[in-house]
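Coordinate inspection notes
Each chain, written out:
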Amino acid sequence: MVVNADKSMRQLQQEVDRHIGQFKEGYFAPMEMLARMTEELGELAREVNHVYGPKKKKETEAERLIEEEMGDVLFVLICMANSMDIDLQKAHDGVMEKFRTRDKDRWTRKEE
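Residues take numbers from 1 onward in each chain, read along the sequence in its written order. pLDDT decides what is reported in this predicted model: residues at 70 or higher carry local features, side-chain atom pairs at 80 or more are listed and counted, and totals for whole chains, interfaces and linings draw on all residues regardless. To get the side-chain values, take all heavy atoms of the structure and skip hydrogens and water.

So, about the overall build of the protein. Along the protein, the regular secondary structure elements total four helices and zero strands. Ordered by position in the sequence, the α and β elements of the protein form the string α-α-α-α. Only C-alpha atoms enter the radius of gyration; for comparison, a globular chain is expected to reach 2.2 Å times N to the power 0.38, where N is the number of residues. A compact globule built from 112 residues should have a C-alpha radius of gyration of about 13 Å, whereas the protein, at 18 Å, is more than 25% larger. For the protein, the spread of C-alpha atoms along the principal axes amounts to about 50 × 40 × 30 Å. Among the 112 residues that make up the protein, the fraction classed as buried is 19%. In the structure as shown, the protein presents an accessible area of about 9300 Å², 56% of it carried by carbon and sulfur atoms. Secondary structure counts use DSSP, requiring at least four H or I residues in a row for a helix and at least two E residues in a row for a strand, with both numbered from the N terminus. Think of it in three bands: residues with accessible area under 20% of the maximum for their type are buried, residues over 50% are exposed, and the middle band is partly exposed, with areas taken using a 1.4 Å probe on protein chains only. Accessible surface area values rest on a Shrake-Rupley calculation with a 1.4 Å probe, where residue burial reflects the displayed protein chains alone.

Below you can see the structure in the form of structure tokens.
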């Protein structure tokens with residue numbers, strides 16, 4: 001497995017697009033991807049609950065990592081964005097601008 005922590009969001013979207021592009025089926029329809037994202041988010045929630053919450057794993061349950069589940073959620077999110085021609089970097093920049101402006105005084109800042 002090749003890991004590059006310095007990939008841009010655009011590079012991640014291109015990498016996923018190349019992967020999906022190998023298959024005749026291509027991207028699923030948006031509602032199918034939303035259902036898949038919900039499923040993956042549920043798996044992430046279950047892992048977080050096992051590690052940080054009161055519900056511990058049964059001995060028969062497979063060992064999974066929160067990181068792995070987050071990767072699954074990210075993959076499906078990227079697939080959904082690609083299928084809808086959404087630039088996630090642009091979407092991220094927009095939400096960060098919203099937090100810097102609209103929500104700038106919403107939270108208590110740390111003392112510097």
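Once the structure has been displayed, the description carries forward.
Turning next to the nonpolar core. Judged by nonpolar contacts, the single largest core of 13 residues is most densely connected at Val-16, Met-37 and Cys-79. Within the residue set of this core, elements represented by two or more residues are helix 1 (9-20), helix 2 (30-52) and helix 3 (66-83). Here this core takes seven residues from helix 3, the largest share from any one element. Not counting residues within four places of it along the chain, the set of residues in contact with Cys-79 comprises Val-16, Ile-20, Tyr-27 and Met-33. What we call a nonpolar core is a set of buried Ala, Val, Leu, Ile, Met, Phe, Trp, Tyr and Cys residues that are connected through their side-chain atoms within 4.5 Å. Contacts are residue-level and defined by heavy atoms, with any inter-residue pair within 4.5 Å sufficient.

A separate point is the packing of helix 1 against helix 3. Axis definition: a line fit to C-alpha positions, over the contact stretch in the case of helices; interaxial angles, taken between N-to-C directions, run 0 to 180 degrees. Two elements in contact, helix 1 and helix 3, have axes separated by 9 Å at closest approach and are oriented at 80°. The pairing of helix 1 with helix 3 is recorded here as roughly perpendicular in orientation. Residues Leu-12, Gln-13, Val-16, Asp-17, His-19 and Ile-20 of helix 1 form the contact with helix 3, whose participating residues are Phe-75, Ile-78, Cys-79, Ala-81 and Asn-82. Ten residue types, Ala, Val, Leu, Ile, Met, Phe, Trp, Tyr, Cys and Pro, are classed as nonpolar, four, Asp, Glu, Lys and Arg, as charged, and the remainder, Gly among them, as polar. Considering only residue class, the contact of helix 1 with helix 3 consists of seven nonpolar, three polar and one charged. Angle categories are assigned with fixed cut-offs, so that under 35 degrees is roughly parallel, over 145 is roughly antiparallel, 65 to 115 is roughly perpendicular, and the rest are oblique.

Attention shifts here to the packing of aromatic side chains. Note on aromatic contacts: the rings of Phe and Tyr and the six-membered ring of Trp form a pair at centre separations within 6.5 Å, being stacked when their planes are under 30 degrees apart, edge-to-face when over 60 apart, and tilted otherwise. Applying the stated criterion across every chain yields a total of zero aromatic pairs. Over a ring means this: the NZ of a Lys or the CZ of an Arg is within 6 Å of the ring centre and within 35 degrees of the ring normal. In this structure, Lys-98 is placed above the aromatic ring of Phe-99, and the distance from its NZ or CZ to the ring centre is 5.8 Å.

Here, a salt bridge means any Lys or Arg side-chain nitrogen found within 4 Å of an Asp or Glu carboxyl oxygen. Taken as a whole and assessed by the stated rule, the structure comprises six salt bridges. For Asp-87, the salt bridge identified is with Arg-10, shortest N-O distance 2.4 Å. Placement of Asp-87 in the loop between helix 3 and helix 4 (88-101) and of Arg-10 in helix 1 is noted, with a sequence separation of 77 residues between them. As a salt-bridge pair, Glu-97 and Arg-100 come within 3.5 Å of each other at their nearest N and O atoms. Taken as a pair, Glu-97 and Arg-100 lie in helix 4 at a separation of three residues, close to a single helical turn. Salt bridges here are not isolated pairs; linked through shared partners, they connect Arg-102, Asp-103 and Arg-106.

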